[in-house]
Amino acid sequence: MPSSLLWAVDVYGRVYSLSTAGQQWEHCRDAHLEFKRVTAVQQCCWSIACDHNIYLYVHASEVPIRYQEETYENQRWNPVDGFSDRLLPSDRWQWSDITGLKHQPLGDFQLPSENWEWEADWYIDENFGGEPTEKGGWTYAIDFPATYTKDKKWNSCVRRRRWIRYRRYKAQDTWVKIPSEQTESLPDPFNDITCGGWEITEEPRGCLALWAVSLQGKVRTQFVPDHFYCTFEQVWFRCDINHHNPEGSVWEEVPVPGEVVQISCGPGDLVWAVLWEGHLLVWFRRGVNSHNPCGSGWIGMVGEMVMINVGLSDQVWAIGFEDRAVYFRQGVTASELSGKAWKVVSVPRDSERSHSSASASSLQSAGCFFGGEVRLQSQASMLSDADAETERAGGEVVPTPEIGDAPKPRIPKVTSDSFISELVSDREGQISRRDVPPAGPSIPEEDHPEKELEDRASPAQVLSPSQSGGVDPQWSNVDLEEAQTHLTSGPGGDAAETSSLSSVATYNLALEEPYGLDEPPKWAWVSGGGCLVECHTQLNWFNSSTSTALNSSMQAMSLSITPAQTAAWRKQIFEQLSERSKREMENFMHYEQAIEQSVWVKKGTMQWWRDWKPHKWVDVQFALEQFSGVEGNKDGILFIYYTFNDEKKYLHMFINEVTILVPVLNDSKHTFAIYTAERTKQRWPMRLAAATELEMHDWLALLSVSCCDSRGIQGPPSKQAIWSVTCKGDIFVSEPTKELEASPYPTPCAQMFWRQVGGHLRIIESNSLGVVWGIGYDHTAWVHTGGYGGGFFQGLASSTDNIYTQTDVKSVYIYENQRWNPVTGYTNRGLPTDRYMWSNASGLKECTKNNTKPPSPNWTWVSDWTIDYAVPGGTDREGWQYAADFPASYHGNKTLKDFVRRRRWARKCKLTTTGPWQEVPPIPLSDITILPCGPKSTVEQVSLWAISNKGDILCRLGVTSLTPGSSSNYGSSWLHVGTDQPFKSISIGAVHQVWAIAKDGSAFYRGSVSAQNPAGDCWYHIPSPTGQKLKQVSVGRTSVYTVDENGNLWYRHGVTPSYPQGSSWEHISNNVRKVSVGPLDQVWVIADKVQGSHSLSCGTVCRRLGVLPMEPKGHSWDYGIGGGWDHITVRGNAMEAPRIVMPSLTDNQTATRPLQTSNQPEMNGNPVGC
């Protein structure tokens, strides 16, 4: 899990961050102002400074934030000038948007703020629909608007071309003031702020909801696009937020039922507000869910806190009542949201202290993320809010008295400005304050036992439409019943309004360090919205002082022993043990060696899917008999005892004949399949079902160990291993032999043995140097640690180290279908021949929200059902896609011929498992490729390219292969490679030839890529096969293969070192899902519709036969394991088969020699020593 940050503000306004991988608070050096509030998400952090302005801090990313500006140049043909900019009065503008309705000349494009910069000048887009256009980029049509083509025809009277220019976000890792010209001139400064809303129902991804409270208790809300997604799509209710203004421009006032003191926005649809009514207590609201957002009752929590913050994964953070320390609620899980106990975060601050001056002349600009500099007025920032307003009017500066002995401060129980001011003045004696009215009623210091309170019987108070502004969302009052022990409020009913509503103000104490030498900091605010802490996360935040002292003492003890002394000591012990072993063995040399042979049997009860008709589940007795031979080798036999026609019979299968054990996805049974070479050819495995999932995993682990023992396979996968992934995400690996690619008689694919490796991935790539990377369904990148086992493999079946916790998140989709009728319009009443109104993608299976379950019991739901707008073909504002009938081609805009429609609903589920994989944060990826190398190659750095989930192309720097699974396999950083459009597939060949497929289906080649220039220079557009859109590419030593969206496999002709782009495409096969080309140009695919003995099989591993240097296309297919496979990579298999050397007829000496085998590489086998 990648590290994330916990943000906090101390009582002196200084911002600190604490990493989940660290052990000390890091002071944010860039913050030259004092801050009152922080609210964080994983990508950024918002704050309110003591000048009541809002600031933004965005974490730097290796993937830049880019936005593509585009405009169209339009021309019309006339007999005199030909095509020119002389358009008809009824025509569109000469420079316009894609619709032609908006005037967009090149000179009118301006940067949204000072935080953007242009990457380059305007240039013409010469790509149209995935195919290159003629020079100039013109597309032609009969008239405006019409369907454009890249070919000019006799009736082409108009033409247009697209101009593109990219702008880049340049301000990161700095606090930036939101410019006043973009947030209007507000009469009231802000007092509270909260950020969330990245999972708002029926809203496109990439949006954040920012809510704020002014000092007069007014709530203002602003929705901003999330900069990391870079979608820049218009938000759902704010028309003035667009791609050019991600900071937002207008604050919209939201009616509230009273004076709001604090507001909190969750990741979804819930927004909670706290009204000022005299008490600030901590309670847990139970029963909150999507169906009952107000919850059902309150539970009083043990412990006194001055503020609470709920972060990611429902983890709770708080500020202590007495000590002002940061607390973490331990034991918060999905089943126990209230947690178990409070645990103080006890870590030191960083050694260097940051001091900020009270004078504006000593402050520098905080740096801008969105534009505008941090400018301070010429007065001290050590006053309360009311005093600050007066001070700004009069321009006076309060003198600072000399420092005297300060008594122990009294920690207030209400976090108001005046109390913090009193705390600071009592402690340091540096601030001369004016008399300020009490900030609000205080809470008596008394303990409150844990209690559970139900809501009053009276209905919740809801604002009337007139109060709430008509159709706007309404606020619901959530009552807090008083405890039996009544909490009295202190005097102070006439508190100043501005002071009572501001929770924490922060003050500067000149240049002296505000804390003592060993005194812990006192915190005013904490935000865990960007801190991801799972239930299994190990944090080093608790009792760190003890561990630090222990580590220091251990380090001091180790300094007395030098490495040379340690090596000599180990050598001496090893020699003594060797001599002792030799002496003891000599005493028993005359004894005859004993022969041990052991047999053991494990039995159980299972169900077996009968091979013959009628197929059904039959109760059977299942037994594994394993024995060890004379030479210590192990083998075994499987027995299945069943009854047929009152006659007891049995089936048997030798363990060394088993080729793979596969868990099978089944809604009602815990099923796994056993394949042999013969059953692989027939596509008909032996299927067994256990009573429980635990029993199935026990049998799978035992059988897997037995199969590996019988074949002599132990330890982690080799560098040459072939990796594959099933459609469920299970990972399998096979150890190739030299005869696997032998010609003309290779080892059949059906005889390959596959063993399972713990973890869960979507795709995986490797090379022959032991570098193995994978990508999960949630686009998280993982690197192989060099271990084996994990998951349900325990004990001897798994390595003791290099096993880590792995999580994966995927979406389950169902479709809502409707048909139009002239009476009611679109309705869920379809024809008798129609598909189910709630179904899967095919429409053949009924899938409703209630009966749809996660893929397996190991998965748990982590969200509710939401409309999915990211559907191929586009959707309308409500998520619907339209078509003429079921099934058909769907589109996002309704036409007169559309009589049916559908929309996709998505729900996320999460899997937690273990495996030899370690996460590579922080950029989510969609595709990855690693340089394929030869068996004896040695390269300093391994080229690794990837595509982010947003389509950006990245090059990984610092990846080496010194030790498989070591930190050298991770690399150091990502290098962004500029592109003109998003991509979806990428592959690098053995001589650094990089090919990529764009999202529009066009192919590109990256020029000048080498070990010295890993990112190359420029992209070359490669025409796609006629009428086809490509989706995946794989490059080997000299071969380039692609797969289009219709499942056709294509080979690129004419690829040579002098002309690496090739000349033309040749069709090889159809029904192909994925292709993988190895370092020896071997071709493996995942194929669909492969004929078996009973039916067609989808997702079958196949290998191309007859691939030779002079015949790179091969001639036929060899079918292996399947179906249900989704991905395979052979890019790590660089084992060349031994070749028979024919004797020379002209050499008498060699003619008499016997046939020899040679392991020398082929003619073009090693062009670059890799």
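Residues numbered from 1 in each chain as written. Predicted model: local features only at pLDDT ≥ 70, side-chain atom pairs only at ≥ 80, totals over all residues. Heavy atoms only, no water.

In the annotation of an unreviewed UniProt entry, the entry for the protein chain reads Tectonin beta-propeller repeat-containing protein 1, and the organism field reads Cyprinus carpio carpio. We quote the UniProt Sequence similarities (unreviewed entry) comment for the protein chain here in full: "Belongs to the TECPR1 family." (UniProt positions renumbered as here; feature names shortened; annotations may be inferred.)

Undergrad: Explanation requested: the overall build of the protein chain in the structure shown.
TA: Along its length, the protein chain carries ten helices and 72 strands. For the protein chain, the residues scored as buried account for 50% of the 1170 residues in total. Relative to all contacts within the protein chain whose residues are 6 or more apart in sequence, the contacts with residues 24 or more apart total 60%. When the accessible surface of the protein chain is split by element, carbon and sulfur atoms take 52% of a total near 56200 Å². (Helix = DSSP H or I, 4+ residues; strand = E, 2+ residues; numbered from the N terminus. Buried < 20%, exposed > 50% of the residue type's maximum accessible area, 1.4 Å probe, protein only. Contact = heavy atoms within 4.5 Å. Areas by Shrake-Rupley, 256 points an atom, 1.4 Å probe, with all protein chains shown as cover.)

Undergrad: Which parts of the structure should I look at to understand the sheet that holds strand β30 (residues 523-527)?
TA: Strand pairs in the sheet, formed through backbone hydrogen bonds, run parallel or antiparallel to each other. Strand order in the open sheet formed by four strands is β3-β2-β1-β30, and the pairing between neighbours is antiparallel. Sheet topology places β3 (26-27) and β30 at the edges, where each strand pairs with a single neighbour. Sheet topology note: the strand β1 (residues 5-10)/strand β2 (residues 15-19) ladder contains five bridges and is antiparallel. For W7, the partnering residue across the bridge sits in β2 and is S17. (Pairing = 2+ DSSP bridges.)

Undergrad: How should the packing of aromatic side chains be read in this particular structure?
TA: Geometry of an aromatic ring pair is reported as the spacing of the ring centres plus the angle between the planes. With the rule as written, the count across this model stands at 36 aromatic pairs. Measuring from ring centre to ring centre gives 5.9 Å for W317 and W541, while their planes differ by 50°; the resulting arrangement is tilted. With a gap of 224 residues between them, W317 in strand β26 (residues 316-320) and W541 in the loop between β30 and α6 (544-558) connect regions that are remote in the sequence. For the pair formed by W317 and W541, the shared burial category is buried. (Phe/Tyr/Trp six-rings, centres within 6.5 Å; stacked < 30°, edge-to-face > 60°.)

Undergrad: Explain unusual backbone geometry here, please?
TA: Cis rather than trans, the peptide bond between F144 and P145 has omega equal to -25°. Its place among the elements puts P145 in the loop between β14 (139-141) and β15 (158-169). Cis peptide bonds are those with omega within 30 degrees of zero, and the linkage from F886 to P887 qualifies with -25°. Summarising the element assignment, P887 is placed in the loop between β49 (880-883) and β50 (900-915). Located in the positive-phi region is N645, a residue other than glycine, with phi close to 55°. When you line up the elements, N645 lands in the loop between β33 (634-644) and β34 (647-654).

Undergrad: For this particular structure, what's the right way to read the sheet that holds strand β41 (residues 763-766)?
TA: One open sheet holds the four strands; their spatial order is β41-β42-β43-β51, and the pairing between them is antiparallel. Each edge of the open sheet is held by one strand with a lone partner, namely β41 and β51 (917-920). Here the average twist between neighbouring strands, direction ignored, is 30°. Bridging between strand β43 (residues 781-784) and β51 involves four bridges; their strand directions are antiparallel. (Axes fitted to C-alpha atoms, helices over the stretch in contact; angles between N-to-C directions.)

Undergrad: Sorry if this is basic, but what is going on with the side chain of Q806 here?
TA: Summarising the element assignment, Q806 is placed in strand β44 (residues 804-821). Q806 gets classed as buried once you look at its relative accessible area, which sits at 0%. Here H760 takes part through its backbone oxygen, which lies 3.0 Å from a polar atom of the side chain of Q806. Residues in contact with Q806, not counting those within four places in the same chain, are G759, H760, L761, W782, L911, T912, T913, T914 and W917. (Polar contact = N/O pair within 3.5 Å; in protein donor to acceptor, adjacent residues only side chain to side chain.)

Undergrad: How should the environment of R76 be read in this particular structure?
TA: Mapped onto the elements, R76 comes out in strand β7 (residues 66-78). Judged by relative accessible area, which is 12%, R76 ranks as buried. Linking R76 and Y140, residues 64 residues apart in sequence, is a C-alpha distance of 9.9 Å. In contact with R76, not counting residues within four places along its chain, are G82, F83, S84, R86, L87, L88, D91, D143, F144, C157 and V158. Within polar-contact distance, the side chain of R76 engages the side chain of D91 at 2.6 Å.

Undergrad: Before we go on, may I ask you to explain the pattern of salt bridges in this structure?
TA: Where charged atoms from two side chains of opposite charge come close, those side chains can pair. Summed over all chains, the structure comprises 24 salt bridges. A salt bridge links E70 to R162; its shortest N-O distance comes to 2.7 Å. Of this pair, E70 sits in strand β7 while R162 is found in strand β15, placing the two residues 92 residues apart along the sequence. Linking K984 and E1045 is a salt bridge whose minimum nitrogen-to-oxygen distance equals 3.3 Å. Remark: E1045 occurs in the loop between β61 (1040-1044) and β62 (1049-1053) and K984 occurs in strand β56 (residues 983-988); sequence separation between them is 61 residues. Under the relative-accessibility criterion, E1045 is labelled partly exposed at 45%. Salt bridges here are not isolated pairs; linked through shared partners, they connect R66, E119 and R168. (Salt bridge = Lys/Arg side-chain N within 4 Å of Asp/Glu carboxyl O.)

Undergrad: Any chance you could explain the UniProt feature "domain: Peroxin/Ferlin" (unreviewed entry) in the protein chain here in plain terms?
TA: UniProt records the feature "domain: Peroxin/Ferlin" (unreviewed entry) at residues 64-125, 137-170, 807-868 and 879-912, using the numbering of this structure. Secondary structure over residues 137-170 splits into 0% helix and 44% strand, and the C-alpha atoms at its two ends are 30 Å apart. Segment residues 879-912 splits into 0% helix and 50% strand. End C-alpha atoms: 31 Å apart.

Undergrad: Explain the confidence of the model for the protein chain to me, please; I cannot follow it from the model alone.
TA: If pLDDT is low for a region, its predicted coordinates should not be looked at in detail. For the protein chain, the mean per-residue pLDDT works out to 75, and 70% of the residues sit at or above 70. Low pLDDT, under 50, characterises residues 223-244; the predicted model gives this stretch 77 contacts beyond four residues in sequence or across chains. pLDDT under 50 marks residues 352-472. Its contacts with residues more than four places away, or in other chains, come to 287 contacts. (pLDDT = per-residue confidence, 0-100.)

Undergrad: Quick question: what am I supposed to make of the pairing of strand β38 (residues 722-726) here?
TA: Regular strands place their side chains on alternate faces of the sheet. Within β38, five of the five residues are buried, which leaves the element mostly enclosed by the surrounding structure. Burial along β38 is two-sided: I722, S724 and T726 and W723 and V725, pointing in opposite directions, are all buried. Direction of pairing for β38 relative to strand β39 (residues 731-734): antiparallel, over a ladder of four bridges. Pairing of V725 across the sheet is with I731, part of β39. As consecutive antiparallel partners, β38 and β39 are separated by four residues, and within that stretch G729 has a phi angle of approximately 100°, a positive value. Two strands pair when backbone bridges link them, and β38 and strand β70 (residues 1125-1129) are joined in this way by four bridges, in the antiparallel orientation. Bridge assignment links S724 to a residue of β70, and that residue is I1128.

Undergrad: Help me out: how do you make sense of helix α9 (residues 693-711) in this one?
TA: Each full turn of the α-helix corresponds to 3.6 residues, which orients residues three or four apart in the same direction. The terminal C-alpha atoms of α9, which comprises 19 residues, lie 27 Å apart, in line with the 27 Å expected from a rise of 1.5 Å per residue. Where α9 is concerned, the buried positions are E693, M696, H697, W699, L700, A701, L703, S704, S706, C707 and C708. Of the residues flanking the end of α9, it is G712, one or two places downstream, whose phi is positive at about 70°. (Expected span 1.5 Å × (residues − 1).)

Undergrad: Where do I start with the pairing of β56 in this structure?
TA: Along β56, five of the six residues are buried, which leaves the element largely enclosed by surrounding structure. Here β56 pairs with strand β57 (residues 994-998) via five bridges, running antiparallel. Within β57, the residue paired with S985 across the bridge is I997.

Undergrad: How should the environment of T979 be read in this particular structure?
TA: One can find T979 in the loop between β55 (973-977) and β56. Here the alpha-carbon distance between T979 and I953, two residues 26 residues apart in the chain, equals 7.3 Å. Apart from the residues lying within four places of it in its own chain, the contact partners of T979 are R66, Y166, I953 and W1019. In terms of polar contacts, T979 uses its side chain to reach the backbone carbonyl oxygen of Q981, at 3.2 Å.

Undergrad: It is not clear to me how the environment of I1022 should be interpreted in this structure. Could you clarify?
TA: Mapping I1022 onto the fold places it in strand β59 (residues 1018-1022). Under the relative-accessibility criterion, I1022 is labelled buried at 3%.

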